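# Results of the structural survey
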Amino acid sequence: MATDNIFSGLKVVDLASFIAGPSAAVILSDFGADVIKVEPPSGDFWRKGHMIPPQPQAKDAYPWHLANRNKRGITLDMKSPSAQPVLERLVKWADVLIVNTPHPGRKRLKLEYDDVVQWNPRLIYADLTGFGEKGPDADLPGFDITAYWARSGLLSMTRDAGAPPTWPVAGSGDNATAVGLYSAIVTALYRRERTGQGSYVTTSLLAEGVWAASVSIQAALVGANFFGLHDRRHPANAALNVYRSADDTWFVLIVTPDKLAAVANAIGRADLLTDPRFSQPAKLVQNMSQLTAILDEVFGSQPMAHWYEVFNGVHVTFGAVRGPQEVISDPQLRVNEIVVPLEGAGAKLTSTISSPIQVHGVSKVPAKRAPSLGEHNDEVLKQLGFNPKEIDTLHTNGAVPRAAAQAVASVG
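Presented here is a report on the structure given in the accompanying data block. Quick caveat: nothing in here was measured; it's all calculated off a predicted structure. (Residues numbered from 1 in each chain as written. Predicted model: local features only at pLDDT ≥ 70, side-chain atom pairs only at ≥ 80, totals over all residues. Heavy atoms only, no water.)

## Concerning the overall build of the protein chain
Within the protein chain, the regular secondary structure consists of 18 helices and 12 strands. Projecting the C-alpha coordinates of the protein chain onto the three principal axes gives extents of approximately 85 × 45 × 45 Å. A sequence separation of at least 24 residues applies to 68% of the contacts in the protein chain between residues at least 6 apart. For the protein chain, the computed accessible surface area is about 21,400 Å², with 58% contributed by carbon and sulfur atoms. Of the side-chain charges in the protein chain, 38 are positive and 40 negative, and the distance between the mean point of each set is 3 Å. (Helix = DSSP H or I, 4+ residues; strand = E, 2+ residues; numbered from the N terminus. Contact = heavy atoms within 4.5 Å. Areas by Shrake-Rupley, 256 points an atom, 1.4 Å probe, with all protein chains shown as cover. Lys, Arg positive; Asp, Glu negative; His and termini not counted. Charge placed at Lys NZ, Arg CZ, Asp CG, Glu CD.)

As structure tokens, then:
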């Protein structure tokens, strides 16, 4: 395996908070980038994510380490007049700056692209917003639940008929957006290699959510006829549905038209192929609920292990529905380096989720714990060229508080 990673020597300043922006920086760090995480003196609120319902409760700050591993951490009070020289040197040092502060706040903090590019024309300025940079809602704050899920249309479609929208899995839209932001950064880095020019790149939670829902949104753009909301007992298509085995395991089944005969024979119900209720397309649509009831009885007669063999035997697509506690035992995760060891976090935090990108012949940086609050203040300030007297002044005036004096000095 290679000894140097793809982004060895790449310098990244992560000024973002919560998940999406910081997780884009994590992907860069997995491939060797030197990432400095910049937090306000009170810390990124995501340090407390493990204590906020409905997140699973734990003593360990697992969300923090997930979104901030492999980084060095400093605190900086951006509202302090003395913070500007620190920001300037960070920008001059950096190849990439990641920001997700809403634009009204950026203007007050002099953190907009036009404010910082004068210090470093080769900078890749990576901007993440909730709803995009233009339009009436451009300045609104957004979380993935509001912008990625609700505003994009996804949340309206992921529910049964008659049921209200349900609360989506925390961070799911953020982590998808992180990959998009990472892609924008890498695209800009490629452009810089060719032209020598820096770039202002951006994406939004809304844009990423619409992209995730793009099949349905594109359908709406052409005026397609939508099936109404349905539940699994009255599906639009019984061949694309969720069923339950005898041992109470739910599974998703996808039977494409070319597999119908093979599946019917494999489950012992070849008669369904000639049943007058289902053999003609128009009648099949009318009797989809009856077909579902028959399949419910069939699949409920045997355990999941049986259906696993049956479906694999005819090469049909299916997937057992797993809970998080089951997913972590899936052998596919470790053999494919989806779950990897985590160094230094202590307690039960001995493994973490790797970023979803692999490059053959290149090993990722071993995952190391996220920084405690202000852990690398002096180290980074010295690297940026501040002398001991200047560092002491920054501590004294509160622009960069001393790590030992901070109220929250740990990550869990």
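## Section: the pairing of strand S7 (residues 240-244)
The alternating pattern of S7 places Asn241 and Tyr243 on a buried face and Leu240, Val242 and Arg244 on a face that is not buried. Note that S7 and strand S8 (residues 250-254) share five bridges and pair antiparallel. Residue pairing for S8: Arg244 is matched across the bridge by Trp250. Taking the residues between adjacent antiparallel strands as the criterion, S7 and S8 are bridged by five residues, where Asp248 takes a positive phi near 70°. (Buried < 20%, exposed > 50% of the residue type's maximum accessible area, 1.4 Å probe, protein only. Pairing = 2+ DSSP bridges.)

## Looking at the nonpolar core
By size, the foremost hydrophobic cluster in this structure holds 32 residues, and its most contacted members are Leu90 and Leu97. Among the secondary structure elements, those contributing two or more residues to this core are strand S2 (34-39), helix H3 (83-93), strand S4 (96-99), helix H5 (113-116), helix H17 (377-383) and helix H18 (388-396). Among the elements that take part in this core, H3 stands out by supplying six residues, more than any other. Apart from the residues within four sequence positions on either side, Leu90 is in contact with Val13, Ile36, Val38, Ile74, Leu76, Val380 and Leu384. Among the nonpolar cores identified, the runner-up in size contains 26 residues, and Val96, Ala178, Tyr182 and Val201 belong to it. (Core = buried A, V, L, I, M, F, W, Y, C linked by side-chain atoms within 4.5 Å.)

## What about the packing of aromatic side chains?
Enumeration according to the criterion identifies 17 aromatic pairs in this entry. Relative to Tyr125, the ring of Tyr113 has its centre 5.4 Å away and its plane inclined at 70°; by these criteria the two rings are edge-to-face. Taken as a pair, Tyr113 in helix H5 and Tyr125 in strand S5 (residues 124-129) lie far apart in primary sequence, 12 residues in all. As far as the burial class goes, Tyr113 and Tyr125 line up, both buried. One aromatic cluster in this structure is built from Tyr243, Phe251, Phe299, Trp307, Tyr308, Phe311 and Phe318. (Phe/Tyr/Trp six-rings, centres within 6.5 Å; stacked < 30°, edge-to-face > 60°.)

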